[in-house]
Amino acid sequence: MKETCQVEHQRLRVPAQPVTDMTNAVSRVLKSVRSTNGATRYRTAWTSRKICLCAACGLSLVAVVSLLVTPAAVTIHAQSPAADTIFIGEILTLDRSHPKAEAMAVSGGRIVAIGSRSEVEALATKNTLKITINGVALPGFADAHIHVAGVGEQLEKLNLRGLGKAEVLAKVAEAARTSPNGSWITGGGWDEGFWHPAMFPTAKELDAVSADHPVALSRIDGHSTWINSKVLALAKIVRNTPDPDGGLIRRDTAHEPTGMLVDRAQELIRGVIPKTTHAEQEHRIRIALQQFSRWGLTSVHDAGVGLETISIYKDLLKRGELPVRVYAMANGEAAITHYLATGPEFDLGNGMLAVRSFKLFLDGALGSRGAEMTDAYSDAPREHGLELMKDTDFERVVLSARQKGFQVNTHAIGDRAVRRALDTFENAGVTPNDRFRIEHASIVTNGDLSRFARLGFIASIQPVFVGEYSRWADERVGPSRVHWVLRTHDLLNAGVILAAGTDYPASDSGSPLHTLYCAVTRRGADGKPEGGWYSDQRIDVDQALRMMTAGPAYAAFQEKDSGALTVGRYADFTVISADPYKVPSSDLRALAIRMTVVAGRVTFDSVEH
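For every chain, the first residue of the written sequence is number 1, and numbering continues from 1 along that sequence. Reporting of local features is limited, given that this is a predicted model, to residues whose pLDDT is at least 70; pairs of side-chain atoms are given and counted only at 80 or more, and all residues count toward the totals for whole chains, interfaces and linings. With hydrogens and water set aside, each side-chain value is computed from the structure's full complement of heavy atoms.

Draft legend 1. Geometry of the environment of Gly478. The secondary structure listing takes helices from DSSP runs of H or I that are at least 4 residues long and strands from runs of E that are at least 2 residues long, numbered from the N terminus. Counting through the fold element by element, Gly478 comes out in the loop between α15 (465–477) and α16 (488–494). Partly exposed residues are those whose accessible area sits between 20% and 50% of the maximum for their type, while under 20% is buried and over 50% is exposed, using a 1.4 Å probe and protein chains only. Looking at Gly478, the relative accessible area reads 6%, which means it is buried. For the pair Gly478 and Tyr377, spaced 101 residues apart in the sequence, the C-alpha separation amounts to 7.9 Å. Those residues within four positions of Gly478 in sequence are excluded, and the remaining contacts are Ser378 and Ala473. Whether two residues are in contact is decided by their heavy atoms: any pair within 4.5 Å suffices.

Structure below.
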């Protein structure tokens, strides 16, 4: 039988190895760990066919050292406290030493025992609550890149996902008929990839159905907005209005604005759109967090928030009303300046909230042709995308952040933006210990693929993007470059550390079950294309699950507390309707969330809903 852990890194699974086969490597492992202050160094390559310590295996050096220098993990510690709650049922731990369990005991929000039902129930007292798991429990799903308030806003406004242009215009017409005269109509999620022909829309098309209402509809990627002539007039965007730095006003052959604003050009209408109140922002965050629990998420990385949103999170935490762990990426001059002065906030509320990273933007999105490309777009030979941050400014923030102990998470989609991020990180002396991330990393050249792994940076990717990319990426970048797009298998194979998210609402779906399905099948959340888009980039269920659990945990410095179900970690888990290892890949998106548990507390139960 072919070994599953080779230098080629074909699978994440690591076959069980006797401790005696490992002991000759202990000194080298300990030396490596000491040299990195205990941080995981996935890029260290051990090419022995006995052991493989790379990102593709999903096994950290820290975890391996614990196996080498301590006895095999036991299900119950000798001094285990009495359990607050015991969960009984089928449990997949994603812990290689004990992959399955029948029961799990929780005390104070952490796992105190996991193993056979008889062993775990020995910790029960008359006050212990016992809960039966109706399905299969897995380590809690995490989303490494999502926009929380944006999800809440999407739940309240026009949702235009998957609609043809005529359907979008019909929704706008209906809103115009039922809304107060002159009120704003807003929404998002449209994608011209669903339209025939697949061309960017115009203000005139909205004018025909919007009456006296200002209309602003964001594209699915959030990097461009379609507006009507009413908004163009309110914002005073005319023929001679210049494009802002990092932005583009799309124009017709007569140089008149068409009604499409790309990236920083969207800021031109910010002054005329009604501002969101603090109460509205809190409401959006609340309903988004509730949705996350229904989706089975126990942790989210909020990819770009200001001080107001962070204050809302802190208020919810104080009131005990934060049902999902939040890893907040501070964004914007005010937030970054504040945190550079005050320092990171590592662990608020027993790990419910952390603010220790900055979100930066180097370029725009591929769908809006804002992603920064070395060579021009194949379907727009005069366009190379947009530079949203200059190298000098980027380097300044990177150096300051690193000095103050902050992680930097950089949006880079186009191949030129990815290379700029890698160059700046490398020149600034960033090490794997810093865990700097490139968000999206959608287009990675062959040369930068090897650099990614060698430098030890994290790729925070979105498998659900396969749906959008399959609709138009071939035309955007052409046959010579399309194989660089969303190359999940190649990244894993090269040894790059991966953390999976959705970028919702800037994607087809925010459901982690769709993330699993898309990663394994290379189909979109809607099941298309049937054969999968560049199916050589598929990964298996085990790889995908670890990318959705251990990957985000590592990317947030939380691997000791999350990412697997073991004694001492948080009792964060997701219960789904069937064992994903046994379900045909085409049926993965039909799985259902049965229960979500955070710190031993049930935040969603399908029986109650």
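Draft legend 2. Molecular detail of the packing of helix α5 (residues 148–156) against helix α9 (residues 278–295). The contact between α5 and α9 brings their axes to 7 Å, and the two run at 90°. In terms of orientation, α5 lies roughly perpendicular with respect to α9. Residues Val148, Ala149, Val151, Gly152, Glu153, Leu155 and Glu156 of α5 lie in contact with α9, whose contacting residues are Gln281, His283, Arg284, Ile285, Ile287, Ala288, Leu289, Gln291 and Phe292. Only Asp, Glu, Lys and Arg are considered charged in this grouping, and only Ala, Val, Leu, Ile, Met, Phe, Trp, Tyr, Cys and Pro are considered nonpolar; every other residue, Gly among them, is considered polar. When grouped by side-chain class, the residues that make up the contact of α5 with α9 number nine nonpolar, four polar and three charged. To define axes, lines are fitted to C-alpha atoms, for helices over the stretch in contact only, and angles between the resulting N-to-C directions are given on a 0 to 180 degree scale. Reported orientations rely on four angle classes, namely roughly parallel under 35 degrees, roughly antiparallel over 145, roughly perpendicular from 65 to 115, and oblique for the rest.

Draft legend 3. Here's a closer look at the sheet that holds strand β1 (residues 85–92). Sheet architecture is open: seven strands sit in the order β3-β2-β1-β4-β20-β21-β22, paired in mixed fashion. The sheet is open, and its two edges are formed by β3 (110–115) and β22 (601–605), each paired on a single side. This sheet shows a mean twist of 35° between the axes of neighbouring strands, independent of strand direction. Bridge count for β1 against strand β4 (residues 129–139) is six bridges, and the pairing is parallel. The rule for pairing is simple: two strands pair if DSSP sees at least two bridges between them.

Draft legend 4. Structural view of helix α7 (residues 203–210). All buried positions along α7 are accounted for by Ala203, Leu206 and Ser210. All buried residues of α7 project into a common sector of 65° when viewed along the axis, lining one side. For α7, the exposed residues lying more than 90 degrees away from the buried face are Lys204 and Ala208. In the core, the buried residues of α7 are packed alongside α6 (165–178), β8 (215–219), β9 (224–227), α8 (229–234) and β11 (257–263). Immediately downstream of α7, the backbone of Ala211 shows phi near 55°, a positive value. What the arc covers is the set of directions going from the helix axis to the C-beta atoms.

Draft legend 5. Structural detail: the pattern of salt bridges. The working definition used for a salt bridge is a side-chain nitrogen of Lys or Arg within 4 Å of a carboxyl oxygen of Asp or Glu. Using the criterion set out here, one finds 44 salt bridges in the structure. Across the pair Arg420 and Glu372 runs a salt bridge, and its minimum N-O distance is 2.7 Å. Of this pair, Arg420 sits in helix α13 (residues 415–427) while Glu372 sits in the loop between β15 (353–361) and α12 (391–404), and the two are 48 residues apart along the sequence. On the accessibility criterion, Arg420 (5% relative accessible area) is buried. Through salt bridges that share partners, Asp191, Glu192, Arg219, Asp221, Arg250, Arg369, Asp379, Glu383, Arg471, Arg476 and Asp508 make up one connected network.

Draft legend 6. Layout of the nonpolar core. Phe292, Leu366, Phe452 and Tyr469 are the most contacted members of the largest nonpolar core, which totals 105 residues. Other than its neighbours up to four places away in sequence, Tyr469 contacts Leu366, Ile413, Ser442, Asp474, Val485, Leu486 and Trp533. Listed in part, the 17 residues of the second largest apolar core include Leu158, Leu160, Leu206 and Val215. What is meant by a nonpolar core is a set of buried Ala, Val, Leu, Ile, Met, Phe, Trp, Tyr and Cys residues, joined one to another through side-chain atoms within 4.5 Å.

Draft legend 7. Here's a closer look at the side chain of Arg522. Within the element layout of this structure, Arg522 appears in the loop between α17 (512–521) and α18 (541–548). Summary of buried charges: Arg522 has no salt-bridge partner, and the nearest side chain of opposite charge, Asp536, is 6.2 Å away. Contacts of Arg522, omitting those with residues within four sequence positions, involve Val466, Val485, Leu486, Thr488, Tyr517, Gly532, Trp533, Tyr534, Ser535, Gln537 and Arg538. Only four residue types enter the tally: Lys and Arg on the positive side, Asp and Glu on the negative side; His and the chain ends are excluded.

Draft legend 8. Examining the pairing of strand β16 (residues 407–412) more closely. With six of six residues buried, β16 is to be regarded as a mostly interior element. What you see with β16 is no split at all: Gln407, Asn409 and His411 on one side and Val408, Thr410 and Ala412 on the other are buried throughout. Of the strand pairs in this sheet, β15 and β16 are connected by five bridges, and their pairing is parallel. Along β16, the bridge assignment pairs Phe358 with Val408. With α12 bridging β15 and its parallel neighbour β16, the resulting β-α-β unit is right-handed. Both β16 and strand β17 (residues 437–440) contribute to a ladder of four bridges, which runs parallel. Seen with its strands pointing away from the viewer, a crossover is right-handed when the path leading from the first strand over the helix to the second is clockwise.

Draft legend 9. Spotlight on the packing of aromatic side chains. What counts as a ring pair is set by centres within 6.5 Å for rings of Phe, Tyr and Trp (its six-membered ring), and what kind of pair is set by the plane angle: stacked under 30 degrees, edge-to-face over 60, tilted for all other angles. Taken as a whole and assessed by the stated rule, the structure comprises 14 aromatic pairs. With a centroid separation of 5.7 Å and an interplanar angle of 85°, the aromatic rings of Trp295 and Tyr504 are classed as edge-to-face. Remark: Tyr504 occurs in the loop between β19 (497–500) and α17 and Trp295 occurs in helix α9; sequence separation between them is 209 residues. A relative accessible area of 17% means that Trp295 is categorised as buried. The class of Tyr504 is buried, set by a relative accessible area of 9%. By the ring-pair criterion, three or more aromatic residues cluster together here, those being Phe394, Phe425, Phe436 and Phe457. Throughout this description, the term charge over a ring refers to an Arg CZ or Lys NZ atom that lies within 6 Å of the ring centre and within 35 degrees of the ring normal. In this arrangement the basic side chain of Arg356 is found over the ring face of Phe557, its NZ or CZ atom lying 3.7 Å from the centre. A cation over a ring is seen here: Arg476 above Trp472, with NZ or CZ 5.1 Å from the ring centre.

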